[in-house]
Amino acid sequence: MEPQAALQCIHLFSPDPLQAARFYSRTYGMSLEPGTDGYLCRGPGREVQLSAGPANQLRYAHFALSSAPAWEAFETRTQGLARHALPEGFAGQAAVALQDPDGNLLVFTPPAARTQPEAAQPGDRAPALPPAALQHFALRTPNLPAMLDFYTRQLGFVLSDAVNDTEGAVRACFLRTDALHHALALFFAPVACFDHQSFEAPDWASMKQWGDHMAALRVPIVWGIGRHGPGNDVFFMVRDPDGNLAEISSEIEHCAPGRPAGLWPHEERTLNLWGKAILRS
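In short, a report on the structure. (Residues numbered from 1 in each chain as written. Predicted model: local features only at pLDDT ≥ 70, side-chain atom pairs only at ≥ 80, totals over all residues. Heavy atoms only, no water.)

We now examine the sheet that holds strand β8 (residues 133-141). The strand order across the open sheet formed by 9 strands is β13-β14-β15-β12-β8-β11-β10-β9-β16, and the pairing between neighbours is mixed. Each of the sheet's edge strands pairs with one partner strand only, and the pair in question is β13 (223-227) and β16 (262-265). Each neighbouring strand pair of the sheet contributes to a mean axis angle of 20 degrees, computed without reference to strand direction. Relative to strand β12 (residues 193-201), β8 is paired through 7 bridges, and the arrangement is antiparallel. (Pairing = 2+ DSSP bridges. Helix = DSSP H or I, 4+ residues; strand = E, 2+ residues; numbered from the N terminus. Axes fitted to C-alpha atoms, helices over the stretch in contact; angles between N-to-C directions.)

As structure tokens, then:
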């Protein structure tokens, strides 16, 4: 059975969470407000939280199941996995918190509408921008086989595409939780850390508007514009104050149920059909 869940929020640690929150508020057109632990940035379909901690580390990722039957099936599937304490803000809710082999926390909840932004303070909210919903995130890991097994066999994520080196070892994989090509990407790397989060824009015209917005803020594009092989989406990326990549993408592949997993070679062209790529290993 194909999974039925959507990414709702990314919560990152930061040595200076207010600085990071101000970056996401301005750069991605979100409100900025105090959260239950740190700062909360919200916009239509996108939510990022920041709290004090080491750079380049995920505090948690929040997924919502799409229906009551999907939630019941998920609870049944994961009932043998160790539950962890829920983060602040989930107290009293129906929610399950699990840890992957690298210690990243994942929170799953029953169906819920995405939260809408509250009124922003002057200077906190960018001018009107095109839609860009939080769509996926990526992790770097030295334990890729164990991570892939956890997310697919234990949580039920589906492998859309894998990247193998010449010896057959998996160097990257892209996992979906709904029809979109991936909600999570895993990259083999020497150190376990957060890699990037991506906001999905609806079309080419909106990509141009987002690019012009970055230019107006003097936020340099550090990768792209390009087109990924796995997922076939067009993209560009910037870096937040802690060095995390943050992506705007569009046209990501919609996968039919039962789509077989694809296999790609470990080379620059796989990650960017149009040019240079950031290789994690």
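Along an α-helix, residues three or four positions apart point the same way, because every turn accommodates 3.6 residues. Every buried residue of helix α2 (residues 68-77) is listed here: Ala70, Trp71 and Phe74. Buried positions in α2, seen along its axis, are confined to an arc of 100 degrees and lie on one side of it. Projecting away from the buried face of α2 at angles above 90 degrees are the exposed residues Pro69 and Thr76. Buried residues along α2 sit in contact with β5 (58-65), β6 (96-99) and β7 (105-109). The residue sitting at the N-terminus of α2 and contributing the capping side-chain oxygen is Ser67; that oxygen lies 3.2 Å from the backbone nitrogen of Ala70. (Buried < 20%, exposed > 50% of the residue type's maximum accessible area, 1.4 Å probe, protein only. Arc of directions from axis to C-beta. Contact = heavy atoms within 4.5 Å. Polar contact = N/O pair within 3.5 Å; in protein donor to acceptor, adjacent residues only side chain to side chain.)

Another aspect to go through is a nonpolar patch on the surface. Nonpolar side chains collect at one region of the surface, where Trp204, Ile225 and Trp274 lie side by side and expose about 330 Å² of accessible area between them. Structurally, Ile225 is set in strand β13. We classify Ile225 as partly exposed; its relative accessible area is 42%. (Patch = residues over 30% accessible without salt bridge, like charges linked within 9 Å, V, L, I, M, F, W, Y side chains within 5 Å. Areas by Shrake-Rupley, 256 points an atom, 1.4 Å probe, with all protein chains shown as cover. Salt bridge = Lys/Arg side-chain N within 4 Å of Asp/Glu carboxyl O.)

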